[in-house]
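# Architecture at a glance
So you can see what is in the structure, the chains are spelled out below.
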Amino acid sequence: MIPRSVLITGAAGGLGTRLRGLMRGLYPRLVLTDRATPKDLQPDETFVAADLAQLDEMERVMAGIDAVVHLGGMSVENEWQAILDANIIGLYNAFEAARRCGVKRVVFASSFHVVGYYRRNRRFGTEARVRPDSRYGASKAFGEALASLYADKHGLRVLSIRIGNIDDRPVDKRRLSGWLSPPDFLQLVRIGLEHPDLHCEIVWGVSDNERNWWDNEAALRLGYRPQSNAETLRDQALAAEAKLPHDPIGELFQGGGFASREFSGDLERM
Ligand SMILES: NC(=O)c1ccc[n+]([C@@H]2O[C@H](COP(=O)([O-])OP(=O)(O)OC[C@H]3O[C@@H](n4cnc5c(N)ncnc54)[C@H](O)[C@@H]3O)[C@@H](O)[C@H]2O)c1
């Protein structure tokens, strides 16, 4: 069940750079791809440049690959065209290239922004309906739907991780709820790459935080045992929060600034 060859897309990005270090030596062959060349590429790392928007390039890079950790794409809110190219067309190309190349597993970096318009006093599991707070969040919901399609129709095994925020420490009050430590992230990625009974699951990418908004039963069932708790790093996070500008809409919702950006909705009806 351990994949022999693993591809990381978005390998030049923030998470890709972290994950390359964390995954070093875990699998016999680790291949990296991105449209940008990683700055700190080591002599023993295999990198193949490819654009997610080009299906033939994604097929070329996935030939001979057993499992993909899909991190590539637009990682924040942006204009529609940028989201469309990277996170809709690019995501389709990643799944379709995986199918054509006989890849067995995909770990998809989804985001909690698929539910960013839930209020901060709500606690729920992955079965709650999506309430994206941005074009970015909606593109991640599309990715989770594609994951389900490719799992059911084509037998791909897929884990979608709704990542809160990965950093060395929670950087503000909101992140005391949604923080995911790098070692806990690695644990979830390894479940996606190795769990023998995985079909298609959505889990929360969050550590064992006291202020957690989400019920991570699905991840616990798969063996996830988070080791980090944001509360142990609370003081610095709250000190940083005190310096942030007041955001009356963003502070209501789990999505924070993604929820307040361009907001013209009806708060009472929400
Ligand atoms: N960092 C977090 O805490 C966090 C939280 C939630 C979700 N995520 C998701 O995790 C993934 C990685 O996040 P990150 O913080 O490393 O983002 P990042 O922006 O640092 O990295 C994304 C990478 O994707 C590459 N990319 C973009 N468009 C591409 C294209 N058309 N073809 C090939 N490569 C392309 C970029 O060059 C970049 O290196 C993203 O999908 C993001 O949405 C991250």
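Residues numbered from 1 in each chain as written. Predicted model: local features only at pLDDT ≥ 70, side-chain atom pairs only at ≥ 80, totals over all residues. Heavy atoms only, no water.

Moving on to the site of the ligand. Residues in close proximity to the ligand total 24 residues, the closest being Leu15, Asp34, Leu52, Ser75 and Tyr136. One nitrogen or oxygen atom from the main chain of Leu52 is found 2.8 Å from a nitrogen atom belonging to the ligand. Here an oxygen atom of the ligand and a backbone polar atom of Leu71 are 3.1 Å apart. Coverage of the ligand by the protein chains reaches 84% of its 830 Å² of free accessible surface. Of all the cavities here, the one that holds the ligand is the largest pocket. Elements supplying a minimum of two residues to the shell around the ligand: α1 (14-23), β5 (105-111), α4 (135-154) and β7 (165-166). Counting residues per element, the shell around the ligand draws most heavily on β5, at three residues. A breakdown of the residues in the shell around the ligand according to their chemical character gives 10 nonpolar, 10 polar and four charged. (Near = heavy atom within 4 Å. Polar contact = N/O pair within 3.5 Å; in protein donor to acceptor, adjacent residues only side chain to side chain. Areas by Shrake-Rupley, 256 points an atom, 1.4 Å probe, with all protein chains shown as cover. 1 Å grid on protein atoms, 1.4 Å probe; cavity = no way out; pocket = protein on both sides within 12 Å on 5 of 7 lines; lining within 4 Å. Sits in = over half its atoms within 2 Å of the grid points. Helix = DSSP H or I, 4+ residues; strand = E, 2+ residues; numbered from the N terminus. Nonpolar A, V, L, I, M, F, W, Y, C, P; charged D, E, K, R; others polar.)

One pass over the full model with this rule turns up two cavities of 30 Å³ or more. Within this model, the largest cavity holds a volume of roughly 50 Å³. Lining the largest cavity are His70, Gly72, Ala86, Asn87, Leu91, Phe108, Ser139 and Lys140. Residue assignment for the lining of the largest cavity shows that the elements contributing at least two residues are α3 (80-100) and α4. Considering each element in turn, the lining of the largest cavity owes the most residues, three residues, to α3. Here the residues of the lining of the largest cavity are counted per class, giving three nonpolar, four polar and one charged. (Points joined across faces, edges and corners; volume = space filled by probe spheres on them.)

An order of β3-β2-β1-β4-β5-β6-β9 is seen for the seven strands of this open sheet, with the pairing classed as parallel. Each of the sheet's edge strands pairs with one partner strand only, and the pair in question is β3 (46-49) and β9 (200-205). The average angle at which neighbouring strand axes cross in this sheet is 20 degrees, direction not considered. Pairing between strand β1 (residues 5-9) and strand β4 (residues 67-70): four bridges, direction parallel. Pairing of Val6 across the sheet is with Ala67, part of β4. (Pairing = 2+ DSSP bridges. Axes fitted to C-alpha atoms, helices over the stretch in contact; angles between N-to-C directions.)

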